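Structural features, examined
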Amino acid sequence: MASTAKQQGSIIAIITMMFLFAMISFVTNLAAPIGVIWKNAFQGDSANTVGMLGNAMNFLAYLFMGIPAGKMLTKIGYKKTALTGIVFGFCGILVQFLSGTLESDARIAGFCVYLLGAFIAGFSVCILNTVVNPMLNLLGGGGNRGNQLNLVGGTLNSLTGTLTPLFVGALIGTVTTNTAMVDVNLVLYIAMGVFALAFIVLLFIPIKDPEMGKTTADTVFEHSPWAFRHFVLGTIAIFLYVGVEVGIPGTLIFYLSDTSAAGGGLGEGAAAIAGSVAATYWFLMLVGRFTAGFIAGKVSSRAMMIATTITGMVLIVLAMILGKTSTVSMPVFTGSSFSLVTVPVAALMLVLCGLCTSIMWSSIFNLSTEGLGKYTASASGIFMMMVVGGGIVPLIQNFIADNAGYLVSYLVPLVAVAYMCFYALIGSKNINKDIPV
C-alpha cells in the first residue's frame, strides 16, 4: 500500500514538473507578442527597442540568478527551490497584470511596472530551468528513464513556445495605439492559475533530495572552467545563441505586425498572422529537436553545428536580400492545424531558421564542457548566466531595426551565427588537455 502511494505521488510530481517545464517557455515567450502592445502604445523612432525591453528584462534576470539558483539546490533542496521559483513566477505575472490596471494617462508608469514584472518572471524561469531538469531525472530514477522524462519535458517546453504567440496574437488581433495589456488578461489569468495550482500540488508531494555531499579539501579545485579556452569561447557562443533563438522570431513578430510602409505589408489581423508565423518557427524547433534525438547517436555535435550554422547563414542572407519584393503562400501552425497565409518571402526564410537553432543549445553545451571533468558543474552555472544574451542581443537587433530597418537588423543574428560556425570549426577544440580534471 505504501509503495502504491509513493508511486502515485511520484506520478503527480512528474506531471507537476512537466507543467513547470511548459511554463518556462510560456512565460519566456509572452514577452515578444506583449511587446507589440507596448511598441504601438509609444510609437516613435525607438518603438521596436521599447517593445523588446520586456524580453530584455526577462533575460537580464539570468545574469543575477544563474549561479545563486544553483546554490539554492544545495542549501534548501530541490522541492523548496522549485517552490521558490513558482512563487517568483506567480508574482511576476501578477505584477504584469497590475501594469494593465493603470490609466492610459499613466502609460509610462504602467510600462515601468510591466518591466518590473518581466524581471521578476525572469527570476522564476531561471530558477525553474535550474531545478526542473535534475528533478525530472531524480523522479525518473536516473538513467534512461530520467533522460526520457527530460525529453518529454523538453517537447512540452517547445510545444508551449509554439502555442504562446498564437494565443496572444489571436487575443490581440489588430494592434492599435489603444490596444492595452487588459486585452491579454485571459493569458495572464491562466498563467497565474497554473503557477498557483503547481505550488499547492508540489507543496504536499514528498520529494527526497539526492545526496548533496559535504565540502571537503577535495572540492577546492586548483583551476576553474575559465582555464579552458574552448569553454570560454563556448560561453560567448551560448550568449549569442540564445540571442539568435529569441531575436529571429521576436523581431519577425514586430516586422509582420507593423502595418506601416516599413513593415511586412500585411493588412487586417497582422498581429494574429505574425503570431502564427512565429509559432511555426517554434514548431520547427520542436521538429528539429525531435529529429535530432534520433541522429545524435550517429552524428557528432560538431558536425550538426557546422551544418546548421552554415544553413542558418544562407537562410538569413536570403531573407535580407529577398525581403518583401515577393510573397509566398506559407503554411503556418495555428494550434490545431496548418493553414496558408501570404507573407513576404523573407518570413519563410527566417521561419526555417527554427530547424537550425533547434540543436544549437545542446551542441554548444556538449562541445564546451567536453573534457572539463570536475569543473562541469561550475560551468553549468556560468552557462545559465550567459542566457542573458537572450535579452541583450535582441535589444541590439531592434535598436538597429529602429534606425536602419527590420531586415537590415538581421545582420546581428547573421554575425552571431557566423561566430557559432567558427566555434564549431575551430574554437571548440580543447587545447588545455594538460589541466587535471
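Here is a short report on the structure shown in this document. (Residues numbered from 1 in each chain as written. Predicted model: local features only at pLDDT ≥ 70, side-chain atom pairs only at ≥ 80, totals over all residues. Heavy atoms only, no water.)

**Some words on the packing of helix α4 (residues 53-99) against helix α7 (residues 185-203)**
Contact geometry of α4 with α7 gives a least axis separation of 9 Å together with a crossing angle of 160°. Classified by the angle their axes make, α4 and α7 are roughly antiparallel. Our pair here, α4 against α7, has a crossing hand that is left-handed. Across the interface between the two elements, Lys79, Ala82, Leu83, Ile86, Val87, Gly89, Phe90, Ile93, Leu94, Gln96 and Phe97 of α4 pack against Asn185, Leu188, Tyr189, Ala191, Met192, Phe195, Ala196, Ala198, Phe199, Leu202 and Leu203 of α7. The residue makeup of the contact of α4 with α7, split by class, is 18 nonpolar, three polar and one charged. (Axes fitted to C-alpha atoms, helices over the stretch in contact; angles between N-to-C directions. Helix = DSSP H or I, 4+ residues; strand = E, 2+ residues; numbered from the N terminus. Parallel < 35°, antiparallel > 145°, perpendicular 65-115°, else oblique. Left-handed = near helix turned anticlockwise from the far one by under 90°. Contact = heavy atoms within 4.5 Å. Nonpolar A, V, L, I, M, F, W, Y, C, P; charged D, E, K, R; others polar.)

**Description of a nonpolar patch on the surface**
Nonpolar side chains collect at one region of the surface, where Ile310, Val314, Val317, Leu318, Ile321 and Leu322 lie side by side and expose about 470 Å² of accessible area between them. For Val314, a relative accessible area of 45% gives the class partly exposed. (Patch = residues over 30% accessible without salt bridge, like charges linked within 9 Å, V, L, I, M, F, W, Y side chains within 5 Å. Areas by Shrake-Rupley, 256 points an atom, 1.4 Å probe, with all protein chains shown as cover. Salt bridge = Lys/Arg side-chain N within 4 Å of Asp/Glu carboxyl O. Buried < 20%, exposed > 50% of the residue type's maximum accessible area, 1.4 Å probe, protein only.)

**Overview of the side chain of Thr308**
Looking at where Thr308 falls in the secondary structure, it is placed in helix α10 (residues 301-322). A polar side-chain atom of Thr308 sits 3.3 Å from the main-chain carbonyl oxygen of Met305. Setting aside anything within four residues of it in sequence, one finds Thr308 in contact with Cys356, Ile359 and Met360. (Polar contact = N/O pair within 3.5 Å; in protein donor to acceptor, adjacent residues only side chain to side chain.)

**Quick word on the side chain of Gln96**
Summarising the element assignment, Gln96 is placed in helix α4. Residue Gln96 is classed as buried on the basis of its relative accessible area of 4%. Beyond its immediate chain neighbours, meaning those up to four positions away, Gln96 contacts Ile34, Tyr114, Gly117, Ala118, Ala121, Met181 and Leu188.

**Observations regarding α10**
Three or four residues apart is the spacing at which side chains of an α-helix point the same way, because the helix has 3.6 residues per turn. With 22 residues, α10 should reach 32 Å at 1.5 Å per residue; the first-to-last C-alpha distance of 31 Å fits that figure. For α10, the set of buried residues is Ser301, Met304, Met305, Ile306, Thr308, Thr309, Gly312, Met313, Leu315, Ile316 and Ala319. Gly323, located one to two residues past α10, shows a positive phi value of around 50°. (Expected span 1.5 Å × (residues − 1).)

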